[in-house]
Amino acid sequence: MRYLLYVLPLVIFLGAGVAFWWALDSGRDPSRLPSALIDQPVPEFDLPPVATVPVPGLATADLVDTGQVTLVNVFASWCVPCKAEHPILVRLTEREGVRLVGINYKDEPEDAARFLDDLGNPYARIGADPEGRASLDWGLTGVPETFVVDAEGKIRYRHVGPINPPEVESVILPIIEEARR
Amino acid sequence: MIPELGHFALILALLVATVQTLVPLVGAHRGNPAWMAAGGPAALAQMLLVAVSFGALTYAYVVSDFTVANVVANSHSLKPMLYKVTGVWGNHEGSMLLWILILAVFGAAVALFGNNLPPSLKARVLGIQGLIGIGFISFTLFTSNPFERIFPPPLDGQDLNPLLQDPGLAFHPPMLYLGYVGFSVAFAFAIAALLEGKVDAAWARWVRPWTLAAWTFLTGGIALGSWWAYYELGWGGWWFWDPVENASFMPWLLGTALLHSAIVVEKRDTLKSWTILLAILTFSLSLLGTFIVRSGLLTSVHAFASDPDRGLYILAMLVVAIGGSLTLFAVRAPSLKGGGLFQPISREGGLVMNNLLLATATATILIGTLYPLILDALGGGLVTVGPPFFNLTFVPLMLPLVFVMGLGPLLAWKRADLPGVLSRLKVAAGVGLLAGLATLYVQNGGPVLAALAMGLAAWLFLAALTDLAEKVKLFRTPLADTWSRARGLPRSQYGTALAHAGLAIAIAGMVGSSAWKVEKISVMVPGETKQLSDYVFTFEGVERLPGPNYMSQTATFTVRDGDGRLIATMTPEKRVYPVAGMPTTEAAIHTRWLADLYAVIGDAEENGPGWTVRLYYEPLVPFLWLGSLVMMLGGLVSLSDRRLRVGAPRRKAAPLGPAVQPAE
C-alpha cells in the first residue's frame, strides 16, 4: 500500500503525457472560440435599467418563453464599432419588426443616454452592466456582440463584432427565420 | 563566418555535454575517481562553448546581419541597440540558446564551487546537469537552429514584435530562466541523491542555496512579467491567470514549498522523500511550462510561434526527464529512512502545513490550466477556465497559509507552546483585526473577503516583525544587548522576516487593486473632464509624433486633485510599428504611491473629435512591486547566510556575480 503512494506521481504524469500526445497529434486548434452557449438557455442575470433612459431593465425572465425571437445586443457608448452598427439595428427593428434588447456594457448612464438621444433608441429593454459581470456570463469577448434568442429562451446564434449591412441579409435574417420556426 | 562559428560551438557543446553525462555517471557507479573528476572540466568546457555560441548570435543581432534568418525575423536596422540585444532572446530559437547558456553557467558553478561535495555526489549532479544539457542543446540544433542562413538576404529585417520592445520585457526572460533553470540544480541533486540512496542534513544544506537563488530569480521574473502586463497591455490588470502566467507561477509555488521542506530535512532529518519529490516536481513544472509555451498546446497572449514538431520533441524530453525521474523515485524513495518525530503543533508541523497548502494550490492551478485540454481529449468539447475558477479556488487556500505563515517562525522545533506563541503575537493579531475592521468600515459595503485579506496582510507583516523583535529581545533587555543579539542573529532569520513581510506588502497590493479598482471607459472630446475617485482628468487632445521605428498618437491628460491643484500630465500613446504592422498601446501611469492613476487611449471616432479613453484608479498597486522587491531582498539576504558558506574552506574568491552566487 505504501509503495503505491510512491508510484502515484508517475501514474498521474503518464496520464497527462497521453493527453499531451493526443493534443499534439490530433491537430486541435485551441484558439477556436468555444461555442458552449449555442443551443443553451440564456444565462441567469438581472440588470437594472440605465438611469435617465426611459426603457425598463433586462433580466433572464424577459427572454424566456416570450413567444418571439429576440436579438440581444451588447453595446457601449464608448465603442466606435457600436456606433457604426447602430443604424442597422434601428433598421432591423423598424423594417423587419425584430424585438431588440440591449445590455449596456461598462458605461456611464449619462454617456449611454446621450448616445441613444443622438442616434435613436431601438431597444425595447436595456440592462445596465457597469461592472461587466452579466456580460461575462454571456461569454462576451468584446463589444459589440449580438445574440439571437428563440421564443423559448435558447441562444441560437452569436455574432462577434459589428453586424455589416451584407450580413443582415445573408446571416442574421435567415437565422431569425429559422429560430421563428 | 561568425554565425557558423556559433553553430559549430553549439555542436561541440552537445558532444561535451554527452561526455559530461556519461563519464561521471559511469565513474560514480563504478567508483572510479578519475572518471568522476571528468565532470568538472567538462561542465566548464560546455559553458565556454555555449557562451561562444550565444556571443555569435548576439553579434549577428548587434551588426544586423540579415543573412541570418533569425535576425531577419526578429530585428530591424532602425531598432534601438537595447532591443537589438534583447531581441536575441525575444524569439523562440534565441531564447532556447539563452536557456542553454544559463544551464551551462549553473553547471559550471556547481563544478567550481562544489569542492566540498562528496566526489560521487558531485559527479552525479554534474552528470544529470549534462543530461539536461543534451536534451536542450539537441532540441535547439535539430528543431530550432538560430544560425540558419537565408538567401538572398533581404534589405532589412521584419522587426521584433513591438510588444516585446520594452525595458520590462527585455529583462523578464533572463530572470525567469535563471529561476526555471536554477531549479534544475535542485533536480540534479535530487536525482543524484536517489542514485546514491542517501539523503541527509548535508545534502539539504547543499540544495538550499540553489533553490533559494532560483526562487529569488523566479520571484523577480514573475514580478517583471506582471509589471509588463500591467503597463504594456493596457488592460489595467496585472495578472490574468493565463496558461503562460500559470506556467511560471506553479514552479514558484512548489519551489517555495521546496525551500521550506529542505529546512526540515536539514534541521530535523525528516520529510526526505517528500523533499526529493518536490525537487523533481518543481523542475518538472518548469519543463512543463516550456512545453506549454512553445508547443501551441494552449492559447495564450504570451505564446511563441508554435510548431507541432517541436512540441513532440519537448514531449519526448518530458517523458524521459519527468517519467524517468519519477520511476527512479518510485523505486528508490521507499527505502529512504525518515528521522526525527514531531508533534503537530511545532515548527515542523507548521512547515508541513505550508507544504500541503502550497502543493494543493499548485495542483489546483495545474488542473485549471490543463482542464480545457483534458476535457477536449475525453471528447467533452472546448471550454475555457477563467479567472473566476482560479480566484474561487486559489484565494481560500492562501488565506489559511498566510495565517500559518505568521505563526510558523515563532514555533519551536519538535513541540511548540501554542498559547505562548499566540500571546507573543497578540499585538500582531490585534492590529490585524483592527486593520480588517477599518477596511470593512472604510470600504462601506465592499467585499468582506477584501477586509479579511487586508487583516491577514497586516497580521503577517507584524508577525514577521514580532519574530525579529522576539529573537533580539527588543525592549526586554538593555538596547546594547539587543544590538549585539541583532548582529549575531543569522542572516537567514532576517531573510525569512523580509520575505514574509514582502509577501504581506504584496498581498495588500493584490487586494487593493482587485477589490477597489475604479474603471471608467468613455468617449472624450478635447477639453472634456472626467472625475475618477478624487482626481479630475482633463483630456487636452491628441498629437501625431514620430518615434525611432514607430508612429505615435500621443494623447495629453492633465490631472488635478479635489482642490484644483495640478498633479500630473499624463501622455498615453497608441503606436503603430509599420515594419511589423502592429499597433501597441502605451498606458500612461502616474503613481501616487498609495495608488496608481492609469490612462489608455483607444480609437478615434470615425467622424467626430472624440476618442475612446480608458481611465483607471488602481489603489495599492505600487505595493505589489514593492512587496516583490522586499521578497527578493529576503531571498538575497538569506543566501548570504554564513551557514550556507561554512564547510567550504577551500574557496577563496568571492562569487563572480548573481548568476553564480550560490556556492556549494
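What counts, and at which threshold
Residues numbered from 1 in each chain as written. Chains lettered and ligands numbered in written order. Predicted model: local features only at pLDDT ≥ 70, side-chain atom pairs only at ≥ 80, totals over all residues. Heavy atoms only, no water. Phe/Tyr/Trp six-rings, centres within 6.5 Å; stacked < 30°, edge-to-face > 60°. Helix = DSSP H or I, 4+ residues; strand = E, 2+ residues; numbered from the N terminus. Buried < 20%, exposed > 50% of the residue type's maximum accessible area, 1.4 Å probe, protein only. Core = buried A, V, L, I, M, F, W, Y, C linked by side-chain atoms within 4.5 Å. Contact = heavy atoms within 4.5 Å. Polar contact = N/O pair within 3.5 Å; in protein donor to acceptor, adjacent residues only side chain to side chain. Domains from an automatic or database assignment. Buried area = accessible area lost by both parts, 1.4 Å probe. Salt bridge = Lys/Arg side-chain N within 4 Å of Asp/Glu carboxyl O. Nonpolar A, V, L, I, M, F, W, Y, C, P; charged D, E, K, R; others polar. Pairing = 2+ DSSP bridges. Axes fitted to C-alpha atoms, helices over the stretch in contact; angles between N-to-C directions. 1 Å grid on protein atoms, 1.4 Å probe; cavity = no way out; pocket = protein on both sides within 12 Å on 5 of 7 lines; lining within 4 Å. Points joined across faces, edges and corners; volume = space filled by probe spheres on them. Disulfide = S-S within 2.5 Å. Parallel < 35°, antiparallel > 145°, perpendicular 65-115°, else oblique. Left-handed = near helix turned anticlockwise from the far one by under 90°.

Quick notes on the packing of aromatic side chains
Centre distance and the angle of the planes are the two values used to describe a pair of aromatic rings. Residues and elements named next belong to chain B. In the structure shown here, the tally under the stated rule is 30 aromatic pairs over all chains. Centre to centre, the rings of Trp239 and Phe249 are 5.5 Å apart; their planes meet at 70°, and the pair counts as edge-to-face. Placement of Trp239 in the loop between helix H9 (201-232) and helix H10 (243-268) and of Phe249 in helix H10 is noted, with a sequence separation of 10 residues between them. Phe249 sits in the buried class, given a relative accessible area of 13%. Between Tyr598 and Tyr616, the aromatic rings sit 5.3 Å apart at their centres with planes inclined by 90°, giving edge-to-face as the arrangement.

Remarks on the nonpolar core
Within the largest apolar cluster, 167 residues are counted, with the highest numbers of intra-cluster contacts made by Phe189(B), Trp203(B), Phe249(B), Ile276(B) and Ile280(B). Ranked by residue count, the leading element in this core is helix H8 (residues 167-196) of chain B, at 17 residues. Discounting chain neighbours no more than four positions away, the residues touching Phe249(B) are Ile222(B), Trp239(B), Trp241(B), Ile365(B) and Phe394(B). The next biggest cluster of nonpolar side chains, apart from the first, holds 50 residues, and it includes Ile103(A), Ile126(A), Ile163(A) and Val523(B).

What about the side chain of Asp107(A)?
Tracing the chain through its elements places Asp107(A) in the loop between strand S4 (99-105) and helix H3 (109-119). A distance of 3.1 Å separates polar atoms of two side chains, one belonging to Asp107(A) and the other to Asn104(A). Leaving out residues up to four positions away in the same chain, Asp107(A) has contacts with Ala76(A), Ser77(A), Trp78(A), Ala112(A), Pro130(A) and Ile521(B).

Comments concerning the domain arrangement of chain B
Residues and elements named next belong to chain B. If you check the domain split of chain B, you get domain 1 (1-165) and domain 2 (518-619). Each partner contributes to the interface: domain 1 provides 11 residues, whereas domain 2 provides seven residues. Here domain 1 meets domain 2 over a buried area of about 760 Å², counting both sides, of which 67% is carbon and sulfur. Looking only at domain 1, the three residues that lose the most surface to domain 2 are Leu78, Asp159 and Pro162, adding up to 52% of its buried area. Linking domain 1 with domain 2 are zero salt bridges, by the criterion used here. Put simply, domain 1 and domain 2 have one residue pair in polar contact (both at pLDDT 80 or more) between them. Considered class by class, the residues forming the side of domain 1 that touches domain 2 number four nonpolar, five polar and two charged.

Some words on the pattern of salt bridges
A complete count under the given rule lists 26 salt bridges over all chains for this structure. Across the salt bridge formed by Asp62(A) and Arg125(A), the nearest N and O atoms sit 3.2 Å from each other. Residue Asp62(A) is located in the loop between strand S2 (58-59) and strand S3 (70-75), and its partner Arg125(A) is located in strand S5 (residues 125-129); the two are separated by 63 residues in the primary sequence. Among the ionic pairs, Glu470(B) bridges to Arg424(B), the shortest N-O distance being 3.8 Å.

What to know about the sheet that holds S3(A)
All names here are of chain A. Pairing is mixed across the open sheet formed by five strands, whose spatial order is S5-S4-S3-S6-S7. Every interior strand has two partners, whereas the edge strands, S5 and strand S7 (155-160), have only one. Neighbouring strand axes in the sheet, compared pairwise and without regard to direction, differ in orientation by 15° on average. Pairing between S3 and S4: six bridges, direction parallel. In the strand pairing of S4, Val74 is matched with Ile103.

Focus: unusual backbone geometry
Residue and element names in this part refer to chain B. Cis rather than trans, the peptide bond between Phe151 and Pro152 has omega equal to -5°. Positionally, Pro152 belongs in the loop between helix H7 (119-143) and H8. Phi at Lys473 takes a positive value of approximately 55°, unusual for a residue other than glycine. With respect to the element layout, Lys473 can be found in the loop between helix H17 (448-471) and helix H18 (479-488).

Re the pairing of strand S4 (residues 551-560) of chain B
Across a regular strand the side chains alternate sides, sitting on one face of the sheet and then on the other. All names here are of chain B. Among the 10 residues of S4, eight are classified as buried, and the element is accordingly described as predominantly covered. Joining the antiparallel neighbours strand S3 (residues 535-546) and S4 is a turn of four residues. In the sheet, S4 pairs with strand S6 (residues 573-577) via four bridges, with the strands oriented antiparallel. Within S6, the position partnered with Gln553 by the bridge is Lys574. Between S4 and strand S5 (residues 566-570), which pair antiparallel and follow one another directly, the connecting turn spans five residues, one of which, Gly564, has a positive phi of 85°.

Topic: the interface of chain A and chain B
Across the boundary between the two partners, chain A contributes 30 residues, which contact 45 residues of chain B. Where chain A abuts chain B, roughly 3,200 Å² becomes buried across the two surfaces, and 71% of that area is made up of carbon and sulfur atoms. At the junction of chain A with chain B, the criterion picks out two salt bridges. For the salt bridge of Glu519(B) with Lys106(A), the shortest nitrogen-to-oxygen distance reads 3.1 Å. Taken together, the links from chain A to chain B amount to four residue pairs in polar contact (both at pLDDT 80 or more). Those elements that place two or more of their residues in the side of chain A that touches chain B are helix H1 (2-25), helix H2 (80-96) and H3 of chain A.

Here's the deal with empty space enclosed by the protein
All names here are of chain B. Under the counting rule described, the total for this entry stands at one cavity of 30 Å³ or more. Roughly 50 Å³ of volume is contained in the largest cavity. If you trace the largest cavity, you find it lined by Gln20, Ala43, Gln46, Leu103, Ala104, Gly107, Ala108, Gln129, Gly130 and Gly133. Residue assignment for the lining of the largest cavity shows that the elements contributing at least two residues are helix H3 (39-62), helix H6 (92-113) and H7. Class assignment for the residues of the lining of the largest cavity results in four nonpolar, six polar and no charged.

A few points about the state of the cysteines
Residue and element names in this part refer to chain A. Tallied over the entire structure, the rule returns one disulfide over all chains. One disulfide bridge connects Cys79 with Cys82, the sulfur atoms lying 2.2 Å from each other. Its S-S torsion of approximately 90° makes the covalent link between Cys79 and Cys82 right-handed. The exposure classification of Cys79 matches that of Cys82, with both residues buried.

A closer look at the sheet that holds strand S9 (residues 595-604) of chain B
Residue and element names in this part refer to chain B. The strand order across the open sheet built from four strands is S1-S10-S9-S8, with neighbouring strands paired in antiparallel fashion. The open sheet has two free edges, formed respectively by strand S1 (518-524) and strand S8 (588-591), since each of these has just one partner strand. Averaged over all neighbouring strand pairs, the angle between strand axes comes to 15°, with direction disregarded. Across eight bridges, S9 lies against strand S10 (residues 611-619) in antiparallel orientation. Residue pairing in the sheet places Tyr598 in a bridge with Tyr616 of S10. Helix H20 (residues 621-639) rests against S8, S9 and S10 of the sheet, and its axis sits at about 115° to S9.

With respect to the environment of Thr571(B)
Residues and elements named next belong to chain B. You can see Thr571 is positioned in the loop between S5 and S6. A relative accessible area of 39% places Thr571 in the partly exposed class. Sequence-wise, Thr571 and Glu586 are 15 residues apart; in three dimensions their C-alpha atoms are separated by 8.8 Å. Ignoring sequence-local partners within four residues, the contact set of Thr571 consists of Thr554, Ala555, Thr556 and Ala588.

Things to note about the packing of H8(B) against H10(B)
How two helices sit against one another is set out by the angle between their axes and by the gap between those axes. Residue and element names in this part refer to chain B. Where H8 contacts H10, the axes come no closer than 11 Å and their chain directions differ by 45°. Between H8 and H10, the angle is such that the two are oblique. Considering the relative orientation of H8 and H10, their crossing is left-handed. In this structure, H8 contributes Leu176, Tyr180, Phe183 and Ala186 to the contact, and H10 contributes Ala247, Ser248, Pro251, Gly255 and Leu258. Looking at the contact of H8 with H10 residue by residue, the classes come out as seven nonpolar, two polar and no charged.

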